[in-house]
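# Residue-level structure breakdown
Here is what each chain is made of, one letter per residue.
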Amino acid sequence: MPQIQELNKLERILASFGVTCKPRQNRNGEICLPIMYKGKGFSAMISSIGGKPIEEWRGNYSNTVQKRIRQHFRAFLIVDAL
């Protein structure tokens, strides 16, 4: 499962930036979009409709953090589709 390994790697990278990923679950244990990302001084909420990501960013964040969060979200969708 290289997709799961990639997701775990990206979660460790986000943790090194102080970013936490907070996916929501319904009562059946299924992950629901949007996914919330929180860090010191910023937050992001990312969802996907028809394969096109919809993003909402608040606060101060660097381009590198923004890029890593987008990578994590894409990897998250791939693993969720397995």
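The coordinates are above.
In what follows, the accompanying structure is described.

Conventions and cut-offs
- Residues numbered from 1 in each chain as written.
- Predicted model: local features only at pLDDT ≥ 70, side-chain atom pairs only at ≥ 80, totals over all residues.
- Heavy atoms only, no water.
- Pairing = 2+ DSSP bridges.
- Helix = DSSP H or I, 4+ residues; strand = E, 2+ residues; numbered from the N terminus.
- Buried < 20%, exposed > 50% of the residue type's maximum accessible area, 1.4 Å probe, protein only.
- Contact = heavy atoms within 4.5 Å.
- Axes fitted to C-alpha atoms, helices over the stretch in contact; angles between N-to-C directions.
- Parallel < 35°, antiparallel > 145°, perpendicular 65-115°, else oblique.
- Left-handed = near helix turned anticlockwise from the far one by under 90°.
- Nonpolar A, V, L, I, M, F, W, Y, C, P; charged D, E, K, R; others polar.

### So, the pairing of strand β4 (residues 52-59)
Where strand β3 (residues 42-49) lies against β4, 8 bridges are found, and the strand directions are antiparallel. When the bridges of β4 are listed, A44 appears paired with W57. The turn joining β3 and β4, which pair antiparallel and follow one another in sequence, is formed by 2 residues; a positive phi near 65° is taken by G50.

### Examining the side chain of Q66
By the secondary structure assignment, Q66 is in helix α2 (residues 63-81). Relative accessible area serves as the criterion here: at 12%, Q66 is assigned to the buried category. Discounting residues that sit within four places of it in the chain, Q66 has contacts with W57 and Y61.

### A short note on the packing of helix α1 (residues 2-16) against α2
One way to put it is that α1 packs onto α2 with a least axis distance of 9 Å and a crossing angle of 150°. When the interaxial angle is binned, α1 and α2 end up roughly antiparallel. The handedness of the crossing between α1 and α2 is left-handed. Contacts between α1 and α2 involve Q3, I4, L7, L10, E11, I13 and L14 from the first element and R68, I69, Q71, H72, A75, F76, I78 and V79 from the second. Taken together, the residues of the contact of α1 with α2 sort by class into 10 nonpolar, 3 polar and 2 charged.

### Let's talk about the sheet that holds β3
Strand order in this open sheet of 4 strands is β1-β2-β3-β4, and the pairing throughout is antiparallel. One side of each edge strand has no neighbouring strand; the edge strands of this open sheet are β1 (20-25) and β4. Each neighbouring strand pair of the sheet contributes to a mean axis angle of 20°, computed without reference to strand direction. Lying over the sheet, α2 contacts β1, β2 (31-39), β3 and β4, oriented at roughly 155° with respect to β2.

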